[in-house]
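# Results of the structural survey
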Amino acid sequence: MLMRFLHTSDWHLGRRFHEADLIDAQRAFLTHIHDTVRERDVDAILVAGDIYDRAIPSLDAVRLFDGALSQFADLRIPIMMISGNHDSAHRLGVGASVLARAGVHLRTDPATACTRPVLLDDEHGTVAVYGIPYLEPSLTHDDLEADKSHQAVTTAALDRIRADLATYPDGTRSVVVAHAFVAGGEPSTSERDITAGGLDYVSASAFTGIDYAALGHLHGAQNVNDRIHYSGFPLAYSFSETHHTKSLTIVDMAGDGTVTLTPVPTPVPRPLALLKGTLADLLTNPAHEAMTGSRLQVTLTDPALPYEPMAQLRRRFPHTLRLLHERPDHPQQAVDRPTYTQRLQGRGDLDIACDFIKKVRGDDPTPAEHTLLRRAVEATLHTTHQETV
C-alpha cells in the first residue's frame, strides 16, 4: 500500500494568453484534476501556490476558484494549498479555519504555517504534510529570524519544519509544499520575477531531511532531484512553452518515504505553434493548413513589413496572437531585442522618428522625407518651448 498524492501548482486563474481569454480552459483543467483524483484513488491533493494570477483577481477567477473548492471538498480528501508570489496571502487565507473543516488546508501565513502540518495515516504510519507559502525576504525575514534572501528565509522555514517533525515518532514521513525557485530548475519566459528582496535561488540542500518537496513557481514539469519536483503549470502561458507537455503529477510514497512520480497529461484546449516565412507563403502554402486551429506566434521574413499583416494572417489563422518581423538581412532582429527604453537611450526625437519610418516601411526615409521630419521635430520643440516660458 502506498500513500498517493496529486501534485499541481501555478493555476494562475484569471490570466490571459496575450489577448486570449483562458477561463474556459482553466475550468477544464480544474475539472480534470477532480476527475483524476477520483479515477486514481488519490489520498490528498497538494497545490503549490499561484492559485490566482493577480493579488486582486478578476471576478471570473474568484468564481472559478469558488466552484473548484466546492468540487474538491466533495471528494472528502485533504487538500494542502499554499499562496504563491502572485497571490495575496491575506485574501487567499480568508476563511481558512472554516475551509479546514471541509478538508481544505490553506497555508498563507509564514509565521505559523511551518508548525501546522496536516497529518495523514496509512498502514506504514504517519505522513506529515507541511506548507510553506511564498516567502518574500523583505517581508518575512524578521518573523523567521533570517537574513534578507530567498535562501535564508526558506532555510529558516525548513529548519522549523525539521524541528517540528522531530517531535513525531521515528519513521514519520514528510512532505513539504513550497513555492520557490530551487537551483537546478529550468525557467520559461512566462514566470515573472521573484528576485525582489534578495537572491532568487534556493539551494536543493535546504530540503535535506524532507522525503518529498512538492514545488511550484516554474512552469515546466521537472525534477530537481529524486525528492524535489515541479509539477509545472497545467496550461501554456508563453510561446517558450510550445514544446512543454503540461501535466499533473501523481506521487506514490512508500513506507520508507521513497516516491514514484507519474505524470498525467492535462487537456490541451488549443495547441501552440510557431510559424515563420513570408506573408505570401504563409497565406497560400497548403503545408500550413494544419496550423489553422492553433494559437500562433508568426515571424514574417518579408524585406519590409507588409500592410496590415495581422489582419491578413487572421483570415487564415484566426488564433494568431503574436507577430514578429525578421528581415532577411537582419536575421536576429526578431529575437533578443533590447527593451523599448534601451532602444531610446541616447537618441534624439529625429532619430526616433526615422527609426519608426524604417520599422514600419522597411527602409530609411528619403532625403526629402528626412528634411520634413527634421522641420516637424524643430517646430514641435519650438512650440513646446514657448508654452513653457
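Criteria and cut-off values
Residues numbered from 1 in each chain as written. Predicted model: local features only at pLDDT ≥ 70, side-chain atom pairs only at ≥ 80, totals over all residues. Heavy atoms only, no water. Core = buried A, V, L, I, M, F, W, Y, C linked by side-chain atoms within 4.5 Å. Buried < 20%, exposed > 50% of the residue type's maximum accessible area, 1.4 Å probe, protein only. Helix = DSSP H or I, 4+ residues; strand = E, 2+ residues; numbered from the N terminus. pLDDT = per-residue confidence, 0-100. Contact = heavy atoms within 4.5 Å. Patch = residues over 30% accessible without salt bridge, like charges linked within 9 Å, V, L, I, M, F, W, Y side chains within 5 Å. Areas by Shrake-Rupley, 256 points an atom, 1.4 Å probe, with all protein chains shown as cover. Salt bridge = Lys/Arg side-chain N within 4 Å of Asp/Glu carboxyl O. Lys, Arg positive; Asp, Glu negative; His and termini not counted. Charge placed at Lys NZ, Arg CZ, Asp CG, Glu CD. Pairing = 2+ DSSP bridges. Axes fitted to C-alpha atoms, helices over the stretch in contact; angles between N-to-C directions. Arc of directions from axis to C-beta. Right-handed = clockwise from strand over helix to strand, strands pointing away.

Turning to the nonpolar core, a few remarks are in order. One finds Trp11, Leu13, Leu30, Ile33, Phe65 and Met81 to be the most contacted residues of the largest nonpolar core, which totals 39 residues. Within the residue set of this core, elements represented by two or more residues are α1 (23-39), β4 (44-47), α2 (59-74), β5 (79-82), β6 (104-107) and β15 (247-253). If you look at the next biggest cluster of nonpolar residues, it comprises 30 residues, including Leu135, Leu144, Phe207 and Val224.

Glancing now at the confidence of the model for the protein chain. Regions with low pLDDT carry predicted coordinates that are not meant to be interpreted in detail. Mean pLDDT for the protein chain: 87, with 88% of residues reaching 70 or above. The least confident element of the protein chain, judged by mean pLDDT, is helix α10 (residues 340-344) at 52; the most confident is β4 at 98. In the predicted structure, residues 192-199 sits below a pLDDT of 50 and forms 28 contacts with residues beyond four places in sequence or in another chain. Scored below 50 in pLDDT, residues 335-339 shows three contacts in the model against residues more than four places distant or in partner chains.

Turning our attention to a negative patch on the surface. On the surface, Asp109, Asp142, Asp143 and Glu145 cluster together into a patch of negative charge. Inspection of the secondary structure puts Asp143 in the loop between α6 (137-140) and α7 (150-165). Overall, Asp143 belongs to the partly exposed group, its relative accessible area being 45%.

Paired through backbone hydrogen bonds, the strands of a sheet run either parallel or antiparallel to each other. Strand order across the open sheet formed by six strands is β6-β5-β4-β1-β15-β16, with mixed pairing between neighbours. Since the sheet does not close on itself, it has two edges, and those belong to β6 and β16 (259-265), each with one partner. Ignoring strand direction, the axes of neighbouring strands in this sheet form an average angle of 20 degrees. Where β15 meets β16, seven bridges bridge the pair, whose relative direction is antiparallel. Residue Thr249 lies in a different strand from β16, and its bridge partner there is Pro263.

Glancing now at unusual backbone geometry. A positive phi angle is found at Arg76, which is not glycine, with a value near 60 degrees. Here Arg76 falls in the exposed class, since its relative accessible area comes to 76%. In this structure, His217 is a non-glycine residue whose phi angle is positive, near 130 degrees. Tracing the backbone shows His217 in the loop between β12 (212-216) and β13 (222-223).

Moving on: helix α9 (residues 309-316). Considered for burial, the residues of α9 that qualify are Pro309, Leu313 and Arg316. The buried side chains of α9 occupy one side of the element, clustering within an arc of 55 degrees when seen end-on. In this structure, the buried side of α9 is in contact with α8 (279-284), β18 (295-300) and β19 (320-325).

Strand order in this open sheet of six strands is β7-β8-β9-β12-β14-β13, and the pairing throughout is mixed. At either end of the open sheet lies a strand with only one pairing partner, and these are β7 (118-122) and β13. One ladder, built from three bridges, connects β12 with strand β14 (residues 228-230); its direction is parallel. Within β14, the residue paired with Ala213 across the bridge is Ile228. Running at roughly 160 degrees to strand β8 (residues 125-132), α7 makes contact with β8 and β9 (173-179) of the sheet.

Here the focus is the pairing of β5. Of the two faces of β5, the one lined by Ile79 and Met81 and the one lined by Met80 and Ile82 are each fully buried. As paired elements, β4 and β5 share three bridges and run parallel to each other. Residue pairing across strands places Val47 opposite Met81, the latter belonging to β5. Between the parallel pair β4 and β5, the chain is carried across by α2, and the sense of this crossover is right-handed. Note: β5 against β6, four bridges, orientation parallel. Counterpart to Ile79 in the pairing with β6 is Val104.

So, on to the pairing of strand β1 (residues 3-8). Counted residue by residue, β1 has five buried out of six residues, so it is predominantly covered. Pairing analysis gives five bridges linking β1 to β15, with the strands arranged antiparallel. The partner of Met3 across the bridge, within β15, is Met253. Direction of pairing for β1 relative to β4: parallel, over a ladder of four bridges. Looking at β4, one finds that Leu6 is bridged to Ile45.

Within the element layout of this structure, His105 appears in strand β6. Residues His105 and Pro78, spaced 27 residues apart in sequence, show a C-alpha to C-alpha distance of 7.3 Å. Setting aside residues up to four positions removed in sequence, His105 forms contacts with Pro78, Ile79, Met80, Met81, Ala100 and Val118.

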